[in-house]
Amino acid sequence: MIRVFSLHSAAALALAAALAAVPATAQDMAPIQNEDGTITSAQDIVVLGSIGYRNRNDDQAEPILTYDSEFFQRFEPLTAGDALKRVPSVTFLSDVIESDGARLRGLPPGYTQILINGEKVPGSNADRSFFLDRIPAELIDRVEIVRSSSARRTGDAVAGTLNIKLRDGYELDGGYLRAGGLYFDDKELEPSLGGVFGGALGPGRFLLGANFQGRHNPKKKFSLRYDDSPENNPDYATDDFNNREDQRDTRDGKDYSFNATYDIKGDTTDFSINGFYVHTDRIEDERSFEYNDATAINGPIRATPPGNLTVDNANVNRINQDNYSVNGKLAHRWSLGETSLKVGLSRFDEDSLETEYEVEFDRALPRFTGDQTRTGITDKEFSVKLEHEFALSADTKLVFGGFWQDKDRSTAITEAPRDRYNLTAANRQGYDQFNRNPTEFARPFGAFVPAAGGLNTIEEERLDGFVLVEGKTGAFAWEAGVRYETTDLTIDDLTPPATRVTNDYEKFLPSASFKLNVGNGGRIIGSVARTSRRPEFNFLSPALLEAELGDNDLLGNPLLDPETAWGADLGFEQRIGRSGIVGVNVFYRKVNDLIEVTNTGVEGSEGSGTFVFQPLNVGDGKVYGIEFDISSDLGFIGLPDTGIFGNLSLLDSKIVDFAGKRRFNGQSDYVYNVGFIQDIKSVGAAFGATYRKQGGAFDRVVGEEVFTTYGADLEIFVEKRFGKSFTIRAVGSNLLNGAKRERFNKFTTVKDQADRTFDEFELESEKAGPVFQLMARYAF
């Protein structure tokens, strides 16, 4: 069923801020545009003399929305994901107060291409996506939302591209320090420290940056589980109650990041080298209590059933991640145009150790169970790009080139033998879940052994060629091109007996874009492009995973082809006032060769009624929507020091899976942001607020269906500037106690899912409290 777009009403914003009337001595300065050859001083970054707005992109014909760091900085985002919550069409299905897997236009993260300085970077995720919480916001110079595709870039951008440009030596002169802390709802205090310095060195310019960030996310979860659902029994809450789970879920971590650049711009030759490194230590600590009563007081249990506490579970996952990227570029201008060579090396390493201890008390003899899993993922890429451009005429140029990349990914999932035994009366005597822990019953684990399908390597070698023509004549700018992508794939399942499978595929990806200036400050922007999405890594291994989908088995498919999509965008944007823009854009994508988990008809390992499922290229899908955005001061009504911003995206899609029609999994039907910034120049102060809300989402896979809704998010900041070099900001985020609510329908077999015979119906809510920041910045 095609859904009708609807705009949900936004809650009214209220803000009251008292500011100390300290005289300001800083001169108000407009942001320096680096395109004119000037270099931004550190004072201009620390002491913002004006409000940052969305920028136009005039260099390329593609539909690109540009947001400089000034647009985000006053709300002091910690990560690139936090920053992108304020831009159009970006949704997240992360835990509350986390922003990791960006879902451009609501599609799963694997449909969005994430670039750092225009280059792809590897991550740990099986869907090939890169979590944006890996990049500290302090490294960002600007963010570009590329709504369509171009032959210049790899075509892995069905939903679009998010390009995060980091600062370099030509965008900063001098240095600044950032220091402060974050205070969380559970009275935890985390530090935040950073510094950046840029200047001249020899024939070029350099930039060095470092950042340390304490991360903390305390959440509370509450679940009610039933043996049937309201679909079948209106009185399910009393007739079919099974258990209640109360959970404390705390994510603690420390991020250490470093970045450096060196650039030389000569008369005929330019050289640049840049790199960044991020190290993360993270602990995910979950403690869960299951009760046999929906409203039982969480008191100590009795020694034997029937007690209210039925299960006590302690789960700790210790994660270490290292991520780095180094890129070099050499460009030379000569009589036949400009030739450039780029070389890049990127690597991502993750090592996690997850330990789960559980005591079941709803038995004649309480039972302890211990499980331990180690996961190691290494993903590395080496790439070379050669490009040449030359003028065909005064207004037209030809660009062509090639791209080669070698990608190697290895996964090692190993498990210790399960430790399980019945507790004696002596060791469970007086057990109180609030003062004791299942870990006290743990015994040493045995040697790790590979999990089914847990050891594999994937090598992906790609060779692309592209050509495009671009031009600009008066009010009209355009480009048209084609990219030819070839890929050779080798998959090794190293779980005995080892299996090797090879595959190859090739795709033609044409694209075209235009911009037409009309009237006084108006512009029409259009594009059409063919893009692709490569198969998820966890689908490529040929291993058979028993009872992976309810009681059904999952068999990998190394012969999968990429999905492809034809898409079009058409938009209009209008300059308003001295610095504002208002825009509207409609988009459409037709996705072919969709990868869906499909019933092979072969009986599964659990016997009659279960089947082996396999991902196959079957069916098509459609994605469409409309996007509005505005970013402007109110000078046209006499309020030049008041800035407003807002965006609204209405999103929809249609796909047919094994059970019928649905949206693309996890796509919200809308997302919007509204906010303002008020600058008070007479006292060197500013304050502002932003309010964000995204609509509900639905996921359906074999054996499970999930309905997800989110509460709204409100952030407020107050800023005081002292002279030309010092600023203090106080920021409150998640001020509405953000909540995530999920409804799970769980089934044992596909027939049960079709007949609506539930194995379990679960209602889960997750909540986190407000976070307060106090940050100081000093320029030197």
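Going by the structure above, here's the rest.
Nothing here was measured: the structure is a model prediction, and the numbers come from that model.

**Q** Explain the sheet that holds strand 5 (residues 112–116) here, please?
**A** The strands that make up a sheet pair up through hydrogen bonds in the backbone, lying either parallel or antiparallel. As summarised here, the arrangement of the six strands in space is 1-2-7-8-5-6, forming an open sheet in which the pairing is mixed. Across the chains shown, the open sheet's two edge strands, defined by having one partner strand only, are strand 1 (54–55) and strand 6 (119–120). Sheet topology note: the strand 2 (residues 64–68)/strand 7 (residues 140–146) ladder contains five bridges and is antiparallel. Considered in strand 7, the bridge of Asp68 is made with Arg142.

**Q** Just to check I follow, could you spell out the sheet that holds strand 23 (residues 544–549) for this structure?
**A** If you walk across this open sheet you meet the four strands as 23-24-28-27, and the pairing is mixed. Each edge of the sheet is formed by a strand with only one pairing partner; in this case those strands are strand 23 and strand 27 (595–603). Strand-to-strand twist of the sheet, defined as the mean angle between neighbouring strand axes without regard to direction, takes the value 40 degrees.

**Q** Would you mind going over unusual backbone geometry with me for this structure?
**A** Peptide bonds are trans in most cases, and residues, glycine excluded, mostly fall at negative phi. Note that the residue after Pro496, namely Pro497, is joined by a cis bond; omega there is -5 degrees. Relative to the helices and strands, Pro497 is located in the loop between strand 20 (476–493) and strand 21 (499–518). Its identity as a non-glycine residue notwithstanding, Asn734 has a phi of 50 degrees, on the positive side. The backbone of Arg756 shows a phi angle near 60 degrees, a positive value even though the residue is not glycine. For Arg756, the location among the structural elements is in the loop between helix 6 (750–755) and strand 39 (760–767).

**Q** Looking at this structure, I do not really get a nonpolar patch on the surface. What am I missing?
**A** On the surface, Phe271, Ile273, Val326, Leu330, Leu341, Val343, Leu345, Phe382 and Leu386 cluster together to form a nonpolar patch covering roughly 690 Å² of accessible area. Of all the secondary-structure elements, those providing two or more residues to the nonpolar patch are strand 13 (269–291), strand 14 (309–334), strand 15 (337–360) and strand 16 (367–391). For the nonpolar patch, the element with the highest residue contribution is strand 15, accounting for three residues. Considering the arrangement of structural elements, one finds Leu341 in strand 15.

**Q** Hey, could you run me through the environment of Tyr588 in this one?
**A** Among the structural elements, Tyr588 can be located in strand 26 (residues 580–592). For the pair formed by Tyr588 and Leu139, sequence separation is 449 residues and the distance between their alpha carbons is 33 Å. The residues touching Tyr588, leaving out its near neighbours within four places in the chain, are Trp566, Gly567, Ala568, Lys622, Val623 and Tyr624.

**Q** I would appreciate a short explanation of the pattern of salt bridges in the present structure.
**A** When the charged atoms of two side chains lie near each other, side chains of opposite charge can form a pair. As enumerated under the stated definition, the model contains 83 salt bridges in all. Between Asp255 and Arg215 there is a salt bridge; the shortest N-O distance is 2.4 Å. Here Asp255 is found in strand 12 (residues 241–265), whereas its partner Arg215 is found in strand 11 (residues 204–226), with 40 residues between them in sequence. Look at Asp255 and you get buried, because its relative accessible area is 8%. Among the salt bridges present, the one from Arg756 reaches Glu231, with a minimum N-O distance of 3.0 Å. Here Arg756 is found in the loop between helix 6 and strand 39, whereas its partner Glu231 is found in the loop between strand 11 and helix 4 (236–239), with 525 residues between them in sequence. A relative accessible area of 46% means that Glu231 is categorised as partly exposed.

Each value, and the rule that gives it
Residues numbered from 1 in each chain as written. Predicted model: local features only at pLDDT ≥ 70, side-chain atom pairs only at ≥ 80, totals over all residues. Heavy atoms only, no water. Pairing = 2+ DSSP bridges. Helix = DSSP H or I, 4+ residues; strand = E, 2+ residues; numbered from the N terminus. Axes fitted to C-alpha atoms, helices over the stretch in contact; angles between N-to-C directions. Patch = residues over 30% accessible without salt bridge, like charges linked within 9 Å, V, L, I, M, F, W, Y side chains within 5 Å. Areas by Shrake-Rupley, 256 points an atom, 1.4 Å probe, with all protein chains shown as cover. Salt bridge = Lys/Arg side-chain N within 4 Å of Asp/Glu carboxyl O. Contact = heavy atoms within 4.5 Å. Buried < 20%, exposed > 50% of the residue type's maximum accessible area, 1.4 Å probe, protein only.

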